[in-house]
Amino acid sequence: MTEILDLQKVCKTYRGRSGEVRAVDGVSLSLDAGEFVAVRGPSGCGKSTLLLLSGGLLAPDSGDVTVAGEEPYLMSTDARSRFRAANIGFVFQQFHLVPYLSVLENVLAPSIANKTAAADETLTRARSLVVHFGLEDRIDHVPGELSSGERQRTALARALLNQPKLLLADEPTGNLDEENAELVLTHLGEFAASGGAVLLVTHDASAAARASRTVFLDSGKVVTDDAATAS
Amino acid sequence: MSITRLVFNEIRHRKLNFVLTILSVTIAVGCLTGAQTLLRSDEVQTDDILAAKKTEVEAAVAERVKTVEEAGKAHQDFVRKEMLKLGFNILILPEEQDVSELLLHGRLTATMPESYVDKLAQSSVMTVNHLLPTVVKRVDVEHGGTKFDVVLQGTRGEVPILNRGQKKMLLAAVPPGSVVIGSEVQKKLGLKKADTLTILGEDFTVATINKPTGSIDDVTVWIDLKQAQKLLGMENLINTIFALECGCVGDRLAQIRAEVSALLPGTQIVEEEAKALTRAESRAKAEEAAIQALADEKAAGEATLRRTEETRIDIEDRNAGLAGVLVPLVMLGCALWIGFLAFGNVRERQSEIGILRAIGLSSKQILTLFLSRTLLTGIVGGVVGCLLGLQFGLQFGAAESLGITVSRLFEDGDLKLLVILAPILAVVFSAIASWLPAMMAAKQDPAVVLQE
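Trainee: Mind showing me how you'd approach the environment of Leu31 of chain A here?
Mentor: Residues and elements named next belong to chain A. Along the chain, Leu31 falls in strand E2 (residues 19–32). By relative accessible area, which is 0% here, Leu31 ends up buried. A C-alpha to C-alpha distance of 18 Å links Leu31 and Leu185, two positions 154 residues apart in sequence. For Leu31, the residues in contact, after removing those within four places along its chain, are Thr2, Glu3, Ile4, Leu5, Val37, Leu166, Ala197, Val198 and Leu199.

Trainee: Help me out: how do you make sense of the pairing of E2 of chain A in this one?
Mentor: Moving residue by residue along a regular strand, the side chains alternate between the two faces of the sheet. Of the strand pairs in this sheet, strand E1 (residues 3–16) of chain A and E2 of chain A are connected by 11 bridges, and their pairing is antiparallel. The partner of Leu5 of chain A across the bridge, within E2 of chain A, is Leu31 of chain A.

Trainee: Honestly, the domain arrangement of chain B in this entry has me stumped. Any pointers?
Mentor: Much of the literature gives interface size as the accessible area that the parts lose upon coming together. With domains assigned, chain B is organised as domain 1 (3–65 + 293–451) and domain 2 (90–271). Centre-to-centre, using C-alpha coordinates, domain 1 of chain B lies 91 Å away from domain 2 of chain B.

Trainee: Would you take a moment to explain the packing of aromatic side chains for this structure?
Mentor: Aromatic ring pairs: the centre-centre distance and the angle between the two ring planes describe each pair. On inspection of all chains with the given rule, the structure shows 2 aromatic pairs over all chains. Arranged with centres 5.8 Å apart and planes meeting at 5°, the rings of Phe90 of chain A and Phe92 of chain A form a pair that is stacked. Grouping residues by exposure puts Phe90 of chain A and Phe92 of chain A together as buried. Plain terms: the ring middles of Trp337 of chain B and Phe340 of chain B are 5.4 Å apart, the flat faces sit at 20° to each other, and that makes the pair stacked. With a gap of 3 residues between them, Trp337 of chain B and Phe340 of chain B both fall in helix H8 (residues 273–348), about one helical turn apart. On the basis of relative accessibility, which here comes to 38%, the residue Trp337 of chain B falls in the partly exposed class. Over the ring of Phe370 of chain B we find Arg349 of chain B; its NZ or CZ atom is 4.5 Å from the centre of that ring.

Trainee: Can you help me understand the state of the cysteines in this one?
Mentor: The term disulfide refers to a covalent linkage connecting the sulfur atoms of a pair of cysteines. In total, this model carries 0 disulfides over all chains according to the counting rule given. Cysteine Cys11 of chain A is unpaired, with the sulfur of Cys45 of chain A as its nearest cysteine sulfur at 15 Å. Classification of Cys11 of chain A by relative accessible area gives buried; the value is 10%. Cys386 of chain B forms no disulfide, and the closest cysteine sulfur to it belongs to Cys31 of chain B, at a distance of 13 Å. Of the residues examined, Cys386 of chain B reaches a relative accessible area of 4% and is grouped as buried.

Trainee: Got a minute to help me understand helix H7 (residues 178–193) of chain A in this structure?
Mentor: Residues that lie three or four places apart on an α-helix share one face, since the helix turns once every 3.6 residues. All names here are of chain A. For H7, which comprises 16 residues, the first-to-last C-alpha distance of 22 Å matches the rise-based estimate of 22 Å (1.5 Å per residue) to within 8%. Where H7 is concerned, the buried positions are Asn180, Ala181, Val184, Leu185, His187, Leu188, Phe191 and Ala192. Across the axial projection of H7, the buried residues extend over an arc of 155°, all falling on one side. What points out from H7, more than 90 degrees from its buried face, is the exposed set Glu178, Glu179 and Ala193. Directly beyond the C-terminal end of H7, a positive phi value near 115° is found at Gly195.

Thresholds applied
For every chain, the first residue of the written sequence is number 1, and numbering continues from 1 along that sequence. As they are written, the chains are lettered A onward and the ligands numbered 1 onward, keeping that order. Per-residue local features of the predicted model are confined to residues with pLDDT of at least 70, and side-chain atom pairs are confined, for both listing and counting, to 80 or more; whole-chain, interface and lining totals are unaffected and use all residues. Side-chain descriptors were evaluated using all non-hydrogen atoms of the structure, hydrogens and water having been removed beforehand. Put simply, DSSP H or I for four residues or longer makes a helix, DSSP E for two residues or longer makes a strand, and each gets a number counted from the N terminus. Relative accessibility under 20% of the residue-type maximum defines a buried residue, over 50% an exposed one, and the middle range a partly exposed one, all with a 1.4 Å probe and only protein chains included. The contact criterion used throughout is that any non-hydrogen atoms of two residues lie within 4.5 Å. Two strands are counted as paired when DSSP detects at least two bridges linking them. Domain start and end points were adopted from an automatic or database domain assignment. The pairing test for Phe, Tyr and Trp rings, Trp by its six-membered ring, is centres within 6.5 Å, and the orientation test on the planes gives stacked under 30 degrees, edge-to-face over 60, and tilted for anything in between. Here, a charge over a ring is recorded when the distance from Lys NZ or Arg CZ to the ring centre is within 6 Å and its angle to the ring normal is within 35 degrees. The definition used for a disulfide is geometric: two cysteine sulfur atoms within 2.5 Å. Take the residue count of a helix, subtract one, and multiply by 1.5 Å to get its expected span. The directions from the helix axis to the C-beta atoms form the arc being described.

Quick look at the structure:
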């Protein structure tokens, strides 16, 4: 299997006025293509930090991060941005959609950074994603006019536009009702099934149950890393 | 999808922020352009006022010159006529004539040939004018049985000087058989025009009665020279030659004397120096007064010009000083306000910046996103501000009411350059004002934003 994400003894400490907080403490974790891994743990255990470290957004204090065979933290800031655009997709609990762009434009937003495909091709893919996520009736609507489920599906479509190898999802179902949560998790599963790797950060056991593997974190350390059968 | 699309969509989304930013740029540029237009308008106004004043002064001086010239001519004419009334400038007398007898009793007893006057007239002498050969004697005249002692003058009128152009005659000849009488003679004898006056037994018709002069002329009668010579037994003889308007001023009298003595030996010259000098002095004083009046007029004009210029410079300096304080203050205020609006915009868009960075936009692209917005606000605000500033400057700079055209204002290169550069300046101004917030946005750590 192709290894998509490999973290080796990664550490990250936050330094504030009230002292130091070791958010991630020597975590080693690997994700292969087609793997859907859930990271669970109590609040403040370092789940989100682990996701940012994996996504090339937060440099570790120590340890190695390899994504799709390359080490993003050895790249320049701009090169890392381009690398991120080409290889990694993000989905967040707060959706983080651009408020003044329509659904289609939000989905197209990553193409500003990644111009590898022709504009027509990108537009066709964006439209097909909009249709795939059941948003065709909302294609010209701005986020303010969408439901939470629609917003998250828009965010998911955006994350997939550049056909990333790795999809990082931080509590993507946290603000959704059961039906929409189910829909989102299904799509994540589909992405993994299509050959991508999914790292899902959640404290929702039912969401984690959809993953092929669950990693438990506590105080920045991996407590357990067990394989599970996807439901 | 492009940065430009993002910029325009964001502007549509946050219209108020965009409009307020444009307004700030407009105020700053409008203030600068308006102040410059006002100052330029002041300059043009000053030029016009000074030019008008200069024309006015020049016209006044020209008018004064004309008046003085006319007055000078009138004065000369007056003096010339007055000199005729006063008598003669010089008398050419036979050498044996006792001058004291003439001065004390007005008697001329010695004679000289009448041909002397012709000799003088045919000569190249330049110092005498208007030659008048005369015989003079005190005689009794009679009218209606009343006798009166008068001065008889026989005259043939002026003898033209051949080497000169014909001059206006100061004294006409008296026709034979006619008599011109002084006012006192008329009064004593009760004469009127066309009456007969008997002189040494011969009758003459009164042709002219002169007005009173308060001089010996009032008791003088004038008849034709030939008739007078015959009556007095002085054929071809004369007592004196009166030379009028000799130009005999100061040292030139000696020159006249020399010239006349060389031509007419055995003669003497008695000059009425006081009268000549009076006339000369009068002329000189009139000339001096005229020169002084002109100088005064010019000086007054120049002083008026200088005062006007100083007043205008004061106004310009005051306005420039005021603009020098107000414009930077307004611009600083606008810059702070633009910075505040940009900072608010960045704060509001933190989440958006975070996700855009997360999905791969570089910090340069984020900076471009914000600076493109700045570019637009700068161009729009710059053009609008420039136009409004110009309009303001024209309206309140009294340019329109004074007929100062826009093209006049643009004759000054600085204002033209400012108007051309206004949008660029506005962009730079806007960029400087919002640079810090834009940099903050570009440098924003997406991890921090996404963790919030």
